[in-house]
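# Structural overview for review
Each chain, letter by letter, is given below.
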Amino acid sequence: MQSLVQNTTEKPGDTLFLHVYKGEQPNQFTYYEDDGDTFDYEKGDFYKRLIKYEGNQLVLQKPEGKRTSQFSILSLVLHGFPSSPKAKAEKMAWLNAISRFDPQAGASETDSCAVQRINLKNENSKIVVDL
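Residues numbered from 1 in each chain as written. Predicted model: local features only at pLDDT ≥ 70, side-chain atom pairs only at ≥ 80, totals over all residues. Heavy atoms only, no water.

Counting secondary structure elements, the protein chain contains zero helices and eight strands. Order of helices (α) and strands (β) in the protein chain, N terminus to C terminus: β-β-β-β-β-β-β-β. If you take every contact in the protein chain between residues at least 6 apart in sequence, the share linking residues at least 24 apart comes to 61%. Total accessible area on the protein chain is roughly 9,100 Å²; 52% of this is exposed by carbon and sulfur atoms. (Helix = DSSP H or I, 4+ residues; strand = E, 2+ residues; numbered from the N terminus. Contact = heavy atoms within 4.5 Å. Areas by Shrake-Rupley, 256 points an atom, 1.4 Å probe, with all protein chains shown as cover.)

Before going further, it helps to examine the packing of aromatic side chains. With the rule as written, the count across this model stands at four aromatic pairs. Between tyrosine 32 and phenylalanine 46 the ring centres are 5.9 Å apart and the planes differ by 25 degrees, which places this aromatic pair in the stacked class. Placement of tyrosine 32 in strand 2 (residues 27-33) and of phenylalanine 46 in the loop between strand 2 and strand 3 (47-54) is noted, with a sequence separation of 14 residues between them. A relative accessible area of 18% places phenylalanine 46 in the buried class. Geometrically, the ring pair formed by tyrosine 53 and phenylalanine 81 is edge-to-face, given 6.1 Å between the ring centres and 90 degrees between the ring planes. Taken together, the residues tyrosine 53 in strand 3 and phenylalanine 81 in the loop between strand 5 (73-79) and strand 6 (88-93) connect sequence positions 28 residues apart. We note that tyrosine 53, like phenylalanine 81, is buried. (Phe/Tyr/Trp six-rings, centres within 6.5 Å; stacked < 30°, edge-to-face > 60°. Buried < 20%, exposed > 50% of the residue type's maximum accessible area, 1.4 Å probe, protein only.)

Taken as a whole and judged by the stated rule, the model has four salt bridges. Of the charged contacts in the structure, one is a salt bridge between arginine 117 and glutamate 90, with a shortest N-O distance of 2.7 Å. One end of the pair, arginine 117, is in strand 7 (residues 112-121); the other, glutamate 90, is in strand 6, with 27 residues separating them in the sequence. Assessed through its relative accessible area of 18%, arginine 117 is described here as buried. (Salt bridge = Lys/Arg side-chain N within 4 Å of Asp/Glu carboxyl O.)

Among the secondary structure elements, arginine 67 is positioned in the loop between strand 4 (57-60) and strand 5. Using a relative accessible area of 25% as the deciding quantity, one classes arginine 67 as partly exposed. As a C-alpha pair, arginine 67 and glutamate 33 span 34 residues in sequence and 8.2 Å in three-dimensional space. Sequence-distant contacts of arginine 67, that is, excluding residues within four places in its chain, are made with Glu33, Asp34, Asp35, Gly44, Asp45, Phe46 and Tyr47. Within the structure, the side chain of arginine 67 is placed 3.3 Å from the side chain of aspartate 45, a separation counted as a polar contact. (Polar contact = N/O pair within 3.5 Å; in protein donor to acceptor, adjacent residues only side chain to side chain.)

Ordered by their spatial adjacency, four strands build an open sheet running 2-3-4-8, and the pairing between neighbours is antiparallel. Every interior strand has two partners, whereas the edge strands, strand 2 and strand 8 (127-130), have only one. Here the strands of the sheet are splayed against their neighbours by 15 degrees on average, with no regard to which way each runs. (Pairing = 2+ DSSP bridges. Axes fitted to C-alpha atoms, helices over the stretch in contact; angles between N-to-C directions.)

To continue, consider the pairing of strand 3. Side chains Tyr47, Arg49, Ile51 and Tyr53 of strand 3 all project onto a buried face; the interleaved residues Lys48, Leu50, Lys52 and Glu54 project onto a face where none is buried. Inspection of the sheet shows strand 3 paired to strand 4 by four bridges, in the antiparallel sense. Along strand 4, the bridge assignment pairs lysine 52 with valine 59.

The quantities given are spatial measurements derived from coordinates; they are silent on function.
Next comes the structure, spelled out in structure tokens:
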């Protein structure tokens, strides 16, 4: 996930939010970025990274392509994991206020969940996080 943008000309900020849910099955995902406008990806101007979850480890493989990610920070949002001294515990609201006058704007227990967050620098190398 990225910060809210109103149109494709806006920049989403410097943080990419990766939501990781505790599970028993290994899983993987390929994250991809390009400029979104040209065919330069055909010349290798892209950023692609394999992300693997297995056991108690999250592995972000070394990125492929010539492009640097637009996100300098990776914020791992951990759902269902035991407490860790590496992570900051917090509540995450599923619903946000539309405006400051929104009568439904509070984060009730049913509208939020407990998560842990780990912020990392998005380095251009392999990243291994023990969960």
